[in-house]
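Structural overview
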Amino acid sequence: MFNGLRRAQQIANLITRHLEIAATAEEIQLKYPQQRLLFSKFCSSTSLSNMASPEETLQLNGAKEEDQEKKKKKEEKAREKELKKLKAAQKAEAAKAQAGKGSQPSKKAEQKAAKKAAEDENQEQYQDPPTPLGEKKRLAPEMAKAYNPSAVEAAWYEWWEKSGFFIADATSKKPPFVIVLPPPNVTGALHIGHGLTSSIEDTIIRWRRMSGYNALWVPGMDHAGIATQVVVEKKLMRERGLTRHDLGREQFMAEVWKWKDEYGGKILNQERRLGASLDWSRECFTMDDKRSKAVTEAFVRLYKEGLIYRDHRLVNWDCILRTAISDIEVDYIDIKGRTLLKVPGYKSTVEFGVLTSFAYPLEEDLGEIVVATTRPETMLGDTAIAVHPADQRYLHLHNKFAIHPFNRRKLPIICDAELVDPNFGTGAVKITPAHDPNDFLVGKRHNLEFINIFSDDGMINSNGGKEFQGLKRFDARATVIEALKSKGLYRGAENNEMRLGTCSRSDDIVEPMVKPQWFVNCSDMGREACEVVEDGRLEIIPKQFEADWFRWMRNIRDWCISRQLWWGHRVPAWYVTLEDDDIKAFGVYVDHWVVGRNEVEALTEAGTKFPGKKYHIEQDPDVLDTWFSSGLFPFSVMCWPEDTVDMKTFYPTSLLETGHDIIFFWVARMVMLGMKLTGEVPFKQVYLHPMVRDAHGRKMSKSLGNVIDPLEVINGITLEDLHKRLEQGNLDRNELDLAKAGQKQDFPNGIAECGTDALRFSLVAYTAQSDKINLDIQRVVGYRHWCNKLWNAIRFAMLNLGTDFLPSENLDVQSLPCGCKWILSVLNKAISKTVTAMEVYDFSSATSAVYSWWQYQLCDVFIEIIKPVMSADDNNSTSASVKRVTRDTLWICLDNGLRLLHPFMPFVTEELWQRLPQRLGDTSRKESIMISDYPTVVEEWTDDEIESQMVLIESSVRSIRSLRMAYLLLPKQRPEAFLLCKTDEVATVVENGATEICTLASLASLKVLRESDVPPVGCAVNIVNEHLSVYLLLRGIVDARLELSKLEKKKEELIRQQEAVTKKMNIPGYRDKVPANIQEDNLSKLNKLMAELSIVEEANENFEKLLADSS
């Protein structure tokens, strides 16, 4: 028995590897004619598997070929050359003989030449004429021969937008479906994460719009406090040599607004390139007047409710930007041991990953206690030493004191079982409450002194002592160690693994510091946010993230919402300085703050709070965390706190779609603030998409050169231009070289033009990888080729429907040919699967359902089996009738199929749908596919029996095709086939489908045999199932002896190459001396050779069996 399917797959895989074609089975189907051609080339060529790399040659001095082998190879090449000459001579002789018969070309050649000449003469017939901006696209009279994404995607978006197709009607009676676009930073440029977000959200919103919803997708842009201020400050310094302090706050703010108007927000225009059907009439900015009013209102309400308060707390401090930063703006570096890093503001590198031990002398001559730290400079702010209460080594030190060696401060020995692990280090821990998160909590528990030793710019202040005051913090590190050594207290250093926090904006090392800040009490709101998920008011998709949600919300800490910046929403709080205050410095007294919507309201509050007192007020210079305004976004875009029509119609929103990395920083805060300020959960569902990585699973990084710009995938880009983009960045020379090498490895020929549709479809299909997406650009390229398949399907339809075709209003399904019944039934299945998957946001299954129907059922089967019908003689009434209903069926399939695909691929589907013929007087047809109805299941199309029969027919075709591939048949070779049926039911199905089988399997004829019948001699056989076998008559078609001779030569060559690689791998010292990557390459070569040899041997067996059967 032949395992034809497995053999065919092996051959396909081998050919693909040999020719270095990278594509998934879903993207590229290798039909047997192409396989035949490629396999022939494969059999007649020498494998490259035995080529050694230069490095390997140097390592092993090479494995020289023997003279005899060289001679043999030379002789083989000479024979091949002679054979080519012989064939060329034969062709020349044949041509001469043909010329002798007459100089007139064949009729077919004449027709071909005339057609080409006509096409060359009428190229403009295939080129779209220019379309005025905003008008409906003007299409060429004839479809171009091939799909061109840039040509197809031109003009449609501007027409959609101008036509108002994106605008939601607040007075509509349709059920609303609302998404707000996660507002990108005003400084941002489109990256692949935005591409994924936009692709998913636009797919959803287009589907809902077509499904009868009043769909609203709101665009917005975030002011991005830190990011924008950094950009403008750098620009000022670069162009004018000024700092923001040189300009003053008011003038600096004017510069930022000027920059925003001139350069900011380009990303929203880039969203248009992705086809995002956003309602631009509702576009907003987090610092426009309406959103600013919402921010102020939210702050005032939360303050009056006691949820916003001011306190001295530990924050992430950036000494370069001189501001607190949020947790999401902290990046972490994992350090394994001693590491030297560049730190902004330091000429020399700074040492990290070292645990320094030193001793504190104890009072009463009790000796010393040794502690260890990775930040020796912070010992200047130590206020205690903690030990475990049960640690026997330190029982005698309870309630005793250590003496600080530099300032003689007494440090209490405290007991803290929560912090101290007695088995780690010395079991004694230095406590710096003002500069460490854990120590801060210890300080609160034990009522310790909090001593801040750093100024805002990271210098040692007066609290650090005169000896160290004025030093930069990391310069002080070395000075402190030297001072400890001079006092005999230094006890050594060792490597230490650690995580180092850096600011994502400035690259500065984050310094934990106690600062007076504004905080939001999140305890009760966090508990309510858990309850809404538990009781189903909020659904988190995928469900796996619920556990993360509960863990974080149940342990939520108060949220620091103030930032020491100028760009942002200024805190609506004023400090009241009383005339009789002992200290007049700003902000000294915590109880002197008042909050108001404006200064007038603040003055009123101050008068109420301090009646009869003389005072003046001054607004807090700080601004609010960007995430505070973003947290209001789902309702601030509806103009809350105003009771607008939009607020009534579109809030709460339907879905929040975003990356799972900001579930806490943004999603949780929207839920908490939405419930507190509006009384409702701001959205019913949250869909969290994966993070995009490169094809190797690595995080995208400029230094690796693997950052993918969606526009570069859409438009295409050369390797040279990829390199130029890197050179325009701020990478150092080593990083630049590394990044270029990475680009050369991943994109040796640059990135081909893929178009928006292919990129969108790829990204949405990738969401099956629920945590991370390993994006391989070759997959996008594969979908770009698939767009060409769609294009050709419509071209085929347009050619065969004819210019006078008008779709029938009614189609009698029961009277249709079997193939037509089948394609409508499987179309029903595809519609059902797609809609069901979309309902639960299973985008991967949705794309798979749509793709499978178009590729495997419509194009591969239906279009192929109707080709004979379409070319039949119209003069025959029966043929004409079948052709007419087949055309109607084809039109229905294309109309429904394009609408089914539209949310995923908006541009190509619009273009192709607009070319379809229209029913005469059809008033229900919409102006655009994007506002047409999404396909729904038509019950009368469902025919399970026909589908079951077609499964058997397709299985028969696959078995015959696998035999064709196994025996290397050319497309023009059309053998006879015999199908041996063991049941009447199977025989009936096969007989009824004989035409389809012959068409799809390229057969000359097909005969049905029963169990008593004997197949002819010289057949290859393949078993379809227990009831059906196929026999392919190869006698007289295949020269088994010639093929065996070819295969024997190939086998000898493969064995020689295998022995050569094995010989290299067995050289003494190979494992120790040869680099690991070379060893991996050799192992890979050996495995490939063994796989090739296995396939050749199996093919050899096939031909030997055929030879035996024929004799």
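Here the structure is a predicted model, which means the values were calculated and not measured.

The next point concerns the overall build of the protein chain. Along the protein chain, the regular secondary structure elements total 37 helices and 33 strands. Scored against the burial criterion, the 1111 residues of the protein chain give a buried share of 51%. When contacts within the protein chain are restricted to residue pairs at least 6 apart in sequence, those whose partners lie at least 24 apart make up 76%. With the model as given, the accessible surface of the protein chain reaches about 52300 Å², and the carbon-plus-sulfur share is 49%.

What follows covers a negative patch on the surface. There is a patch of like negative charges on the surface, built from E1048, E1052, E1097, E1101 and E1104. Elements represented by at least two residues in the negative patch include exactly α35 (1040–1065) and α37 (1076–1110). Counting residues per element, the negative patch draws most heavily on α37, which supplies three residues. Within the secondary structure layout, E1104 lies in helix α37. For E1104, a relative accessible area of 42% translates into the label partly exposed.

All right, on to the side chain of D581 then. Along the chain, D581 falls in the loop between β22 (573–578) and β23 (593–595). Of the buried charged residues, D581 lacks a salt bridge, with K584 as the closest side chain of opposite charge at 6.3 Å. Reaching out from D581, the side chain makes a polar contact with the backbone nitrogen of L578 at a distance of 2.9 Å. The residues contacting D581, other than those within four sequence positions of it, are V576, Y589 and H592.

Next up on the list: the nonpolar core. Formed by 171 residues in total, the largest nonpolar core has its most connected members in L775 and W854. When residues in this core are grouped by element, the largest group, 14 residues, is from helix α29 (residues 843–870). Residues contacting W854, with those up to four places away along its chain left out, are W786, L790, A793, C859, L894, G897, L898 and L901.

The next subject is the sheet that holds strand β31 (residues 1005–1009). Sheet strands associate in pairs through backbone hydrogen bonding, adopting either a parallel or an antiparallel arrangement. Sheet architecture is open: four strands sit in the order β31-β30-β33-β32, paired in mixed fashion. Single-partner strands in this sheet number two, and they are β31 and β32 (1019–1025). Averaged over all adjacent pairs, the angle separating strand axes in this sheet is 20 degrees, with direction ignored. Packing against the sheet, helix α32 (residues 944–966) makes contact with β30 (976–981), β32 and β33 (1028–1033), and its axis sits at approximately 145 degrees to β32.

This part is about helix α31 (residues 906–915). Quick reminder: α-helices carry 3.6 residues per turn. Residues three or four places apart thus point the same way. Burial analysis of α31 places 10 of its 10 residues in the buried class, which makes it a mostly covered element. By the burial criterion, the buried members of α31 are P906, F907, V908, T909, E910, E911, L912, W913, Q914 and R915.

Their axes nearest at 9 Å, the elements helix α16 (residues 523–534) and helix α22 (residues 663–678) cross at an angle of 100 degrees. Taken together, α16 and α22 sit at an angle that is classed as roughly perpendicular. Taken together, the residues of α22 that come into contact with α16 (itself represented by M525, G526, E528, A529 and V532) are V671, M672, M675 and K676. Across the contact of α16 with α22, the residue classes tally to six nonpolar, one polar and two charged.

Compared with an ideal rise of 1.5 Å per residue, which puts 26 residues at 38 Å, α35 spans 37 Å between its outermost C-alpha atoms and is within 8% of the ideal. Every buried residue of α35 is listed here: A1040, E1043, L1044, L1047, K1050, E1053, L1054, R1056, Q1057, A1060, V1061 and K1064. At the N-terminal boundary of α35, the capping side chain belongs to D1039, with an oxygen 3.3 Å from the backbone nitrogen of R1041.

Overall, the coordinates contain six cavities of 30 Å³ or more when judged by the stated rule. Here the largest cavity is characterised by a volume of approximately 100 Å³. Lining the largest cavity are C818, G819, W822, I946, Q949, M950, I953, V989, N992, G993 and E996. Of all the secondary structure elements, the ones that give two or more residues to the lining of the largest cavity are α28 (818–839), α32 and α33 (984–992). If one sorts the elements of the lining of the largest cavity by residue count, α32 sits on top with four residues. By residue class, the composition of the lining of the largest cavity is six nonpolar, four polar and one charged.

Once that is clear, we can look at the confidence of the model for the protein chain. Here the protein chain shows a mean pLDDT of 87. Residues at 70 or above account for 88%. Note on residues 1–73: pLDDT under 50 across the span, and 115 contacts to partners over four residues away in sequence or across chains. Confidence over residues 82–87 falls short of pLDDT 50; this stretch has zero contacts with residues more than four positions distant or in other chains.

Of the two faces of strand β29 (residues 772–775), the one holding I773 and L775 is buried and the one holding K772 and N774 is not buried anywhere. Pairing between strand β28 (residues 691–694) and β29: four bridges, direction parallel. Across the sheet, D694 pairs through a bridge with L775, a residue of β29.

Parameters at a glance
- The residue count restarts for each chain, going from 1 along the sequence in the order it is written.
- Whole-chain, interface and lining totals are the exception, using all residues; otherwise, since this is a predicted model, local features are given only for residues with pLDDT of at least 70 and side-chain atom pairs are given and counted only at 80 or more.
- The side-chain quantities take in all heavy atoms of the structure and omit both hydrogens and water.
- Strands here mean DSSP runs of E at least two residues long; helices mean DSSP runs of H or I at least four residues long; both are numbered from the N terminus.
- Three exposure classes are used, based on accessible area relative to the maximum for each residue type with a 1.4 Å probe and protein chains only: buried under 20%, partly exposed in between, and exposed over 50%.
- Any two residues whose heavy atoms approach within 4.5 Å are treated as being in contact.
- All accessible-area figures derive from a Shrake-Rupley calculation using a 1.4 Å probe, and residue coverage is judged against the displayed protein chains alone.
- Here the term patch refers to residues with relative accessible area over 30% and no salt bridge, with like charges joined within 9 Å and nonpolar side chains (Val, Leu, Ile, Met, Phe, Trp, Tyr) within 5 Å.
- Within this document, salt bridges are pairs made up of a side-chain nitrogen of Lys or Arg and a carboxyl oxygen of Asp or Glu, the two lying within 4 Å of each other.
- Only four residue types enter the charge count: Lys and Arg as positive, Asp and Glu as negative, with His and the chain ends excluded.
- Lysine's charge is taken at NZ, arginine's at CZ, aspartate's at CG and glutamate's at CD.
- N or O atoms closer than or at 3.5 Å make up a polar contact, with two conditions inside protein: a donor-capable atom paired with an acceptor-capable one, and, for residues adjacent in sequence, both atoms drawn from side chains.
- Residues enter a nonpolar core if they are buried and are Ala, Val, Leu, Ile, Met, Phe, Trp, Tyr or Cys, with the set joined through side-chain atoms within 4.5 Å.
- Pairing between two strands is assigned when DSSP locates at least 2 bridges connecting them.
- Axis definition: a line fit to C-alpha positions, over the contact stretch in the case of helices; interaxial angles, taken between N-to-C directions, run 0 to 180 degrees.
- For this classification, under 35 degrees means roughly parallel, over 145 means roughly antiparallel, 65 to 115 means roughly perpendicular, and everything else is oblique.
- Under the grouping applied here, Gly and all other residues not named as nonpolar or charged are polar, the nonpolar ones being Ala, Val, Leu, Ile, Met, Phe, Trp, Tyr, Cys and Pro and the charged ones Asp, Glu, Lys and Arg.
- Expected helix span is given by 1.5 Å per residue-to-residue step, counting one fewer step than there are residues.
- In the cavity and pocket records, a cavity denotes points on a 1 Å grid over the protein atoms alone where a 1.4 Å probe fits but cannot get out, a pocket denotes an open set with protein on both sides within 12 Å along at least 5 of 7 lines, and lining residues are residues with an atom within 4 Å of a point.
- Grid points are joined across faces, edges and corners, and a volume is the space filled by probe spheres set on the points.
- For every residue, the predictor assigns a confidence score, pLDDT, that lies between 0 and 100.

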